[in-house]
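Fold and geometry: a report
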There are 2 protein chains.
Amino acid sequence: MSGRPVPRPGGRSARVQEAVRTALRELEAEVGRSALTVPLVAARAGVTPSTVYRRWGDLQTLLSDAAVERLRPDAPPEDHGSLAADLRAWAEQFLEETAAPAGRSYLRDALLGDPEGGNAGRCSEYAAEQIRTLLDRAAGRGEAAPDAETVLDRVVAPLVYRVLFRPDGLDAVYAHRLVRDALED
Amino acid sequence: MSGRPVPRPGGRSARVQEAVRTALRELEAEVGRSALTVPLVAARAGVTPSTVYRRWGDLQTLLSDAAVERLRPDAPPEDHGSLAADLRAWAEQFLEETAAPAGRSYLRDALLGDPEGGNAGRCSEYAAEQIRTLLDRAAGRGEAAPDAETVLDRVVAPLVYRVLFRPDGLDAVYAHRLVRDALED
């Protein structure tokens, strides 16, 4: 329905994206964030700089796009037998990933190259999808459960807010307390 | 106690900071964010570019610093006679300011030029101070009240998370609901 051509999975466009993202990741580790440039990333990826500019616009947008890819969960959340246990484990892992220096910088990158909020929205949607999976599982077990938006407000929002703005004293105990409070109401 | 010289209020350093921040604000309105450069801002402020680089390092840090200044509340929160009314009014105004395009971009700027989180921490501290004022007032009236960290988790965090990552459907009704839920527990 969209006017934009949809690239075939595995087609040239997908291969270029993968090559550029890999080049970015490698170079970031080798030369550090502040030395990254579009020509450097393009050369490593074996494409022309104009290919990168055409697809991403600038380095900041490329970093933002790559950050969202890295924040995408690669598997559904684990099943621990109850909603409380599932949410506790999920929140603990989410905190571990986002509070690490790399995770915090991915969250900032996702916000950064993205004035319209599309990339930030995708990050939030990844968390929402994981939570919906846990809530569907709870419904299947006949457990009472809050809705996904409430879990976002009561568990995800405080974790992300504190990772970004107020990181002192963030630990698994805190994450577990958020989950307990969210389920008690 | 610190080894760093503390600039006298109203001294040269304070005047330079004020001139640079004013220049930044004016130029942002006139030429737009993407056309800003350190030499342009310095010229308007009547200082040398090296003065700006020495004080702020780069444009992103300057933007981050200016954003924090703009997010600083200029008055204590209003007294509406009860904690519920005070927090409702405060949350509504906080949402109005941060959800506006300028407010959202200040939040992002505060995060952006600030890898160590000092500026982001100051933003959070501004909100925490306002909330502590409301809670002290409530204590003075003999009202039961949650602690400031709980209000940060239950009211501020969801507002900031949604402004940055999930802005659909954010309105005063939502802010009021967060306040009601925070006070009910």
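Residues numbered from 1 in each chain as written. Chains lettered and ligands numbered in written order. Predicted model: local features only at pLDDT ≥ 70, side-chain atom pairs only at ≥ 80, totals over all residues. Heavy atoms only, no water.

Some thoughts on the UniProt feature "DNA-binding region" (unreviewed entry) in chain A
Under the UniProt annotation, "DNA-binding region" (unreviewed entry) lies at residues 37-56 of chain A. Between the first and last C-alpha atoms of residues 37-56 of chain A the distance is 13 Å; the span itself is 80% helix and 0% strand. (UniProt positions renumbered as here; feature names shortened; annotations may be inferred. Helix = DSSP H or I, 4+ residues; strand = E, 2+ residues; numbered from the N terminus.)

Focus: the interface of chain B and chain A
In this complex, chain B contributes 33 residues to the contact, which on the side of chain A involves 33 residues. Taking both sides of the interface into account, the surface hidden between chain B and chain A amounts to around 2700 Å²; carbon and sulfur atoms contribute 47%. Considering only the surface of chain B that becomes buried against chain A, B:Tyr161, B:Phe165 and B:Arg166 emerge as the three largest contributors, covering 26% of it. At the surface where chain B touches chain A, the tally comes to eight salt bridges. For B:Glu149, the salt bridge identified is with A:Arg162, shortest N-O distance 2.7 Å. The interface formed by chain B and chain A holds 16 residue pairs in polar contact (both at pLDDT 80 or more) in total. Those elements giving two or more residues to the side of chain B that touches chain A turn out to be helix 6 (101-112), helix 7 (118-140), helix 8 (148-165) and helix 9 (172-184) of chain B. Among the elements that take part in the side of chain B that touches chain A, helix 8 of chain B stands out by supplying 12 residues, more than any other. (Contact = heavy atoms within 4.5 Å. Buried area = accessible area lost by both parts, 1.4 Å probe. Salt bridge = Lys/Arg side-chain N within 4 Å of Asp/Glu carboxyl O. Polar contact = N/O pair within 3.5 Å; in protein donor to acceptor, adjacent residues only side chain to side chain.)

Observations regarding the nonpolar core
Core analysis: the biggest nonpolar cluster contains 74 residues, and A:Val156, A:Leu159, A:Phe165, B:Val156, B:Leu159 and B:Phe165 have the highest contact counts within it. If we ignore the near neighbours within four places in the chain, the residues touching A:Phe165 are B:Leu107, B:Leu111, B:Ala120, B:Gly121, B:Cys123, B:Ser124, B:Val160 and B:Leu164. (Core = buried A, V, L, I, M, F, W, Y, C linked by side-chain atoms within 4.5 Å. Buried < 20%, exposed > 50% of the residue type's maximum accessible area, 1.4 Å probe, protein only.)

Here we look at helix 7 (residues 118-140) of chain A
The first and last C-alpha atoms of helix 7 of chain A sit 32 Å apart over 23 residues, in line with the 33 Å expected at 1.5 Å per residue. Two residues or fewer past helix 7 of chain A, A:Gly142 is found with a positive phi of approximately 80 degrees. (Expected span 1.5 Å × (residues − 1).)

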